[in-house]
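Coordinate analysis (summary)
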Amino acid sequence: MSRTYEDLVAEASAVSVDGWDFSWLDGRATEERPSWGYQRIMSERLAVSSAALDVQTGGGEVLAGAPVLPAVMVATESWPPNVTVATRLLRPRGVVVVADPDEPPLPFADGAFDLVVSRHPVTVWWDEIARVLEPGGTYLSQQVGAASMFGLVEHFRGPLPEESYRARHPDDAVREAEAAGLEVVDLRSETLRTEFFDVGAVVYYLRKVIWMVPGFTAEGYEERLRALHDVIEREGSFVAHSTRFLIDARRR
C-alpha cells in the first residue's frame, strides 16, 4: 500500500539535512552522474599535489573520498552546520577546515596552493582562485550549469525570467576564468536525468539544496507539493534534468 502524503512529508521534514550526504534518498530518487567522474579526477590530482585547497567543501564527504591527500590540505565552508560535519569527518585525516563566509578574500596568502578543487560551488571568485594558486597551479571544479533542475524549480516558483536560463553558463565561466589570468585547458558539459519517486524525496531535496526554492517549507508550498504528489502517484515519478560542467584551468 502506498504511503500517504502526510506521512511522506512528515518523515522528510523531520530528518536532518546537515552535511552534503544524500544517501537518505537511496531508493527514493535517482540522479544520473556526469561521465567524466569528478571524484576520480580530483583524487588523481590530490595524490600528486603538495598543497591543496577544497573550496566550499560542504560536509567534506567528497574530499573524504580521496584515498591520498597532500601534505598540506585545507578546506573552506561557510554554512556552520556543514563546518561541524566537515571538521568531524576530515580532521582525523589531517585536513584543516576553515569557516569562511564565501566572499573575497580567501584567508590564504598569494600562491599558497598548487591545486584548488571545488565541487558544486555556489559562487566562484575567480580572482581569488587565481591569487591563491601558484604559477602553473590548477583549478579543477565540477559546477552546476545553466537551467539546472528548472523543471522542479518552476513547479514551485512558476516561470523564471529569461535571463535566469543564461546564469551559470559554462561559456561565462571560461570568460571569467581567463579574465582572472587562468588558462582553461578542459571544459565538458552534460545534461542529466533526475527522478523522484515520492514527494518526501522532493521535500528533503529542497530542504537541503536551499537555493533552489528560497524559503521553502512544506507548509508554505503545500498546494504545489500535493500537486506533485498526485503526479508521482499517477505516473510513478517526477522527472527533472540537471546540468553539470567540468572546468579545468591553469594559472598562467
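Residue numbers restart at each chain and count upward from 1, following the sequence in its written direction. Only residues with pLDDT of 70 or above have their local features reported here, since the model is predicted, and side-chain atom pairs are shown and tallied only from 80 upward, although totals for entire chains, interfaces and linings are computed over all residues. No hydrogens and no water enter the side-chain calculation; it runs on all heavy atoms of the structure.

Side-chain atoms within 4.5 Å are what join buried Ala, Val, Leu, Ile, Met, Phe, Trp, Tyr and Cys residues into a set we call a nonpolar core. A simple rule labels every residue: compare its accessible area, found with a 1.4 Å probe on the protein chains alone, to the largest value its type can have, and call it buried under 20%, exposed over 50%, or partly exposed in between. Counting residues in each nonpolar core, the largest one holds 34 residues, and the members touching the most others are Leu152, Phe156, Phe196, Leu206 and Leu225. Secondary structure follows DSSP: runs of H or I at least 4 residues long count as helices, runs of E at least 2 residues long count as strands, and numbering of each begins at the N terminus. Mapped onto this core, the elements with two or more residues apiece are helix H1 (5–14), helix H6 (150–157), helix H8 (199–208), helix H9 (222–235) and strand E8 (238–251). Top element by residues in this core is H8. It accounts for 7 residues. Here, two residues are considered to be in contact whenever any of their heavy atoms come within 4.5 Å of each other. Beyond its immediate stretch of four places on either side in the chain, Phe156 contacts Val202, Leu206, Val213, Phe216, Tyr221, Arg224, Leu225 and Leu228. Within the second largest apolar cluster, 23 residues are counted, among which are Leu53, Val55, Val124 and Val174.

With that settled, consider the pattern of salt bridges. Any Lys or Arg side-chain nitrogen located within 4 Å of an Asp or Glu carboxyl oxygen qualifies as a salt bridge. One pass over the structure, following the stated rule, counts 18 salt bridges. Where Arg3 meets Asp7, a salt bridge forms, and the shortest distance between an N and an O atom there is 2.9 Å. Since its relative accessible area comes to 35%, Arg3 is described here as partly exposed. Salt bridges sharing common partners tie together Arg3, Asp7, Glu11, Arg28 and Asp198.

A cluster of nonpolar side chains, Val122, Ile210 and Trp211, forms an exposed patch at the surface whose accessible area comes to about 270 Å². With respect to the helices, strands and loops of the structure, Ile210 is situated in the loop between H8 and H9. Ile210 sits in the partly exposed class, given a relative accessible area of 48%. Patch construction takes residues with relative accessible area above 30% that form no salt bridge. Like charges are linked within 9 Å, and nonpolar side chains (Val, Leu, Ile, Met, Phe, Trp, Tyr) are linked within 5 Å. Values of accessible area rely on a 1.4 Å probe in the Shrake-Rupley scheme; residue burial ignores everything except the protein chains shown.

In regular strands, side chains alternate between the two faces of the sheet. The alternating pattern of strand E2 (residues 51–54) places Ala51 and Leu53 on one face and Ala52 and Asp54 on the opposite face, and all of these are buried. Each pair of strands is called paired provided DSSP finds at least two bridges between the two strands. Pairing geometry for E2 and strand E5 (residues 113–119), over 3 bridges, is parallel. Counterpart to Leu53 in the pairing with E5 is Val116.

A word on the domain arrangement of the protein chain. What fixes the domain bounds is an automatic or database domain assignment. Taken domain by domain, the protein chain consists of domain 1 (1–31 + 198–236) and domain 2 (33–149 + 161–193 + 239–251). Put simply, the middle of domain 1 and the middle of domain 2, counted by C-alpha atoms, are 28 Å apart. At the junction of the two partners, domain 1 supplies 10 residues and domain 2 supplies 15 residues. Here the quantity called buried area is the total loss of accessible area, with a 1.4 Å probe, experienced by two parts when brought into contact, counted for both. Of the roughly 1,000 Å² buried between domain 1 and domain 2 on both sides combined, carbon and sulfur atoms contribute 55%. Where domain 1 touches domain 2, the interface holds 2 salt bridges. In the analysis that follows, any N or O atom pair within 3.5 Å is treated as a polar contact, provided that within protein one partner can donate a hydrogen and the other can accept it, and provided that, for residues neighboring in sequence, both atoms belong to side chains. The interface formed by domain 1 and domain 2 contains 5 residue pairs in polar contact (both at pLDDT 80 or more). Looking at the side of domain 1 that touches domain 2, its residues break down into 5 nonpolar, 2 polar and 3 charged. In this classification, Asp, Glu, Lys and Arg are treated as charged, Ala, Val, Leu, Ile, Met, Phe, Trp, Tyr, Cys and Pro as nonpolar, and every other residue, Gly included, as polar.

In this section: the pairing of strand E3 (residues 72–77). Where burial is concerned, most of E3 is hidden: 5 out of the 6 residues are buried. In this structure, E2 lies alongside E3, joined through 4 bridges in parallel fashion. Directly across from Asp54, in E3, lies its bridge partner Ala75.

An order of E1-E7-E8-E6-E5-E2-E3-E4 is seen for the 8 strands of this open sheet, with the pairing classed as mixed. Two strands in the sheet have a free side with no partner beyond their single neighbour: strand E1 (29–31) and strand E4 (96–99). This sheet shows a mean twist of 15 degrees between the axes of neighbouring strands, independent of strand direction. By the bridge criterion, 7 bridges tie strand E6 (residues 133–144) to E8 in an arrangement that is antiparallel. Paired with Ser141 across the bridge in E8 is Ile247. To define axes, lines are fitted to C-alpha atoms, for helices over the stretch in contact only, and angles between the resulting N-to-C directions are given on a 0 to 180 degree scale.

Turning our attention to the side chain of Ser148. Turning to its location among the elements, Ser148 is positioned in the loop between E6 and H6. Ser148 has contacts with Met212, His241, Ser242, Thr243 and Arg244, leaving out every residue within four places of it along the chain.

What follows is about the environment of Pro107. One can find Pro107 in the loop between E4 and E5. Its relative accessible area of 44% is what places Pro107 among the partly exposed residues. The sequence separation of Pro107 and Ala180 amounts to 73 residues, and the corresponding C-alpha distance is 18 Å. Aside from chain neighbours lying at most four places away, what touches Pro107 is Val98 and Asp100.

In this section: helix H7 (residues 170–179). Residues three or four positions apart in an α-helix share a direction because the helix packs 3.6 residues into each turn. Those residues of H7 that sit buried are Pro170, Asp172, Ala173, Val174 and Ala177. Among the structural elements, helix H5 (126–132), strand E7 (182–196) and E8 are those in contact with the buried residues of H7. Where H7 terminates, the next one or two residues include Gly181, which has phi positive at roughly 100 degrees.

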